[in-house]
Amino acid sequence: MSTDAAPLPFGGRLRDALDTRGPLCVGIDPHPSLLADWGLAQDAAGLERFTRTVVEALADSVAVLKPQSAFFERFGSAGIAVLERAVADARSAGALVVMDAKRGDIGSTMTAYAAAYLDPSAPLFCDAVTLSPYLGFGSLRPALDRAREAGAGVFVLALTSNPEGAQVQRAVGTDGRAVAAAVLAALAEENRGAEPLGSFGAVVGATLTAPSADLAVNGPLLAPGFGAQGATAGDLPRVFGAVARNVVPSVSRDVLRAGPSAAGLLSAARRWADDLAQALESAPGAGGA
Ligand SMILES: O=c1ccn([C@@H]2O[C@H](COP(=O)(O)O)[C@@H](O)[C@H]2O)c(=O)[nH]1
């Protein structure tokens, strides 16, 4: 008889993390300007020091850490080695790790991306990964299936925080639906019946003036745009309304600028988590089930 327990689904683990640690994801984005501000070299050693500092300061207290893969890839294999260690260290300190890699390709190649990020035996296995649906939502199937098997999650780009995204995401398809609405509907289907929260999330920017589609996907909404891109804690109830509790608000530069001191990073993260938790109290349905 096998003693292997089924992995706990990402959606449930995320719900628990947001409720116990507070509604915050801190992005690990080692911009060249931040390395310079922290007095670090523009090389893999500087990257390593930066990343280790953030993970040691925050991984045992924030709900989610989100490394931005691009800033590690720019240093080649040495950068990827730093990323691998950061993922492992952050997860063992109790943070959930969302890899911001925005992968999307034909199905056979998606199988390889799924093997890279969503196979528990892979060096870069994460709790969730960001995916791009612009080769068609169906092309993501290998990653969706692999995530389900592994108890991991995905966040699919729907309404991104940058103004240019609207050109593609708000375009209307032959079925009369906007591209983003079709992506969100497909995610709702993946999450049907999941409790307390599905594992198949969407990326929806906190910078939106108005969400143009139904965000009730019974799954998490990763919301970048707080801080450096202009969104404030007050935008959480304004943009997300009744689904605000399912939002994973994400802040990178506005926390990272408070380094390199661990105390500075921690206090910036705490300030955001407190402000966001307070803003959630004014969202519709707050305090209810
Ligand atoms: O719609 C999106 C999707 C992803 N991002 C990423 O989030 C962070 C934002 O960093 P800040 O410093 O808090 O602005 C970054 O890694 C982006 O690539 C996004 O901004 N918008």
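Conventions used here
Residues numbered from 1 in each chain as written. Predicted model: local features only at pLDDT ≥ 70, side-chain atom pairs only at ≥ 80, totals over all residues. Heavy atoms only, no water. UniProt positions renumbered as here; feature names shortened; annotations may be inferred. Helix = DSSP H or I, 4+ residues; strand = E, 2+ residues; numbered from the N terminus. Contact = heavy atoms within 4.5 Å. Buried < 20%, exposed > 50% of the residue type's maximum accessible area, 1.4 Å probe, protein only. Pairing = 2+ DSSP bridges. Right-handed = clockwise from strand over helix to strand, strands pointing away. Salt bridge = Lys/Arg side-chain N within 4 Å of Asp/Glu carboxyl O. Near = heavy atom within 4 Å. Polar contact = N/O pair within 3.5 Å; in protein donor to acceptor, adjacent residues only side chain to side chain. Areas by Shrake-Rupley, 256 points an atom, 1.4 Å probe, with all protein chains shown as cover. Nonpolar A, V, L, I, M, F, W, Y, C, P; charged D, E, K, R; others polar. Axes fitted to C-alpha atoms, helices over the stretch in contact; angles between N-to-C directions. Parallel < 35°, antiparallel > 145°, perpendicular 65-115°, else oblique.

Caption draft 1: Highlighting the UniProt feature "domain: Orotidine 5'-phosphate decarboxylase" (unreviewed entry) in the protein. Here the UniProt feature "domain: Orotidine 5'-phosphate decarboxylase" (unreviewed entry) sits at residues 23-268. Measuring from the first to the last C-alpha atom of residues 23-268 gives 14 Å, for a span that is 39% helix and 16% strand.

Caption draft 2: Local environment of the side chain of Gln 68. With respect to the helices and strands, the residue Gln 68 is situated in the loop between β2 (64-67) and α4 (69-73). In this view, Gln 68 contacts Ile 28, Asp 29, Asp 100 and Lys 102; residues no more than four positions away in its chain are not counted.

Caption draft 3: A look at the pairing of strand β8 (residues 247-251). Burial analysis of β8 places 5 of its 5 residues in the buried class, which makes it a mostly covered element. The side-chain alternation of β8 yields two buried faces, one formed by Val 247, Pro 249 and Val 251 and the other by Val 248 and Ser 250. Pairing analysis gives 3 bridges linking strand β7 (residues 221-223) to β8, with the strands arranged parallel. Looking across to β8, one finds that Leu 221 is bridged to Val 247. Once the chain exits β7 it traverses helix α10 (residues 235-240) before rejoining the sheet at β8, and the crossover so formed is right-handed.

Caption draft 4: Quick peek at the pattern of salt bridges. Considering all chains together, one arrives at 18 salt bridges under this definition. Salt-bridge contacts for Arg 146 lead to Asp 119; the nearest nitrogen and oxygen are separated by 3.9 Å. Of this pair, Arg 146 sits in helix α7 (residues 141-150) while Asp 119 is found in the loop between α6 (107-117) and β4 (128-131), placing the two residues 27 residues apart along the sequence. Taking the shortest distance from any N to any O, the salt bridge between Arg 238 and Asp 235 comes out at 2.9 Å.

Caption draft 5: Representation of the site of the ligand within the structure. Lining the immediate surroundings of the ligand are 15 residues, of which Asp 29, Ser 161, Gln 229, Ser 252 and Arg 253 lie closest. Note that an oxygen atom of the ligand is positioned 3.2 Å from one of the side-chain N or O atoms of Lys 66. Between an oxygen atom of the ligand and a main-chain N or O atom of Ser 252, the distance comes to 2.9 Å. If the ligand stood free it would expose 460 Å²; the protein chains cover 87% of that surface. Looking at the shell around the ligand, its residues break down into 5 nonpolar, 5 polar and 5 charged.

Caption draft 6: Looking closely at the packing of helix α3 (residues 44-58) against helix α5 (residues 76-92). Where α3 contacts α5, the axes come no closer than 10 Å and their chain directions differ by 10 degrees. Relative to α5, α3 is oriented roughly parallel. Taking contact as the criterion, the partners of Ala 44, Leu 47, Glu 48, Thr 51, Arg 52 and Val 55 in α3 are, on α5, Ala 78, Gly 79, Val 82, Arg 85, Ala 86, Asp 89 and Ala 90. Class assignment for the residues of the contact of α3 with α5 results in 7 nonpolar, 2 polar and 4 charged.

Caption draft 7: Spatial organisation of the pairing of β4. In β4, alternate side chains face the same way, and those of Ala 128 and Thr 130 on one face and Val 129 and Leu 131 on the other are all buried. The pairing of strand β3 (residues 96-103) with β4 spans 3 bridges and is classified as parallel. Bridging across to β4, Val 98 finds its partner in Ala 128. Between the parallel pair β3 and β4, the chain is carried across by α6, and the sense of this crossover is right-handed. Note: β4 against strand β5 (residues 153-159), 4 bridges, orientation parallel. Among the inter-strand pairings, Thr 130 is bridged to a residue of β5, identified as Phe 155. In the classification by handedness, the crossover that spans β4, the intervening α7 and the parallel β5 is right-handed.

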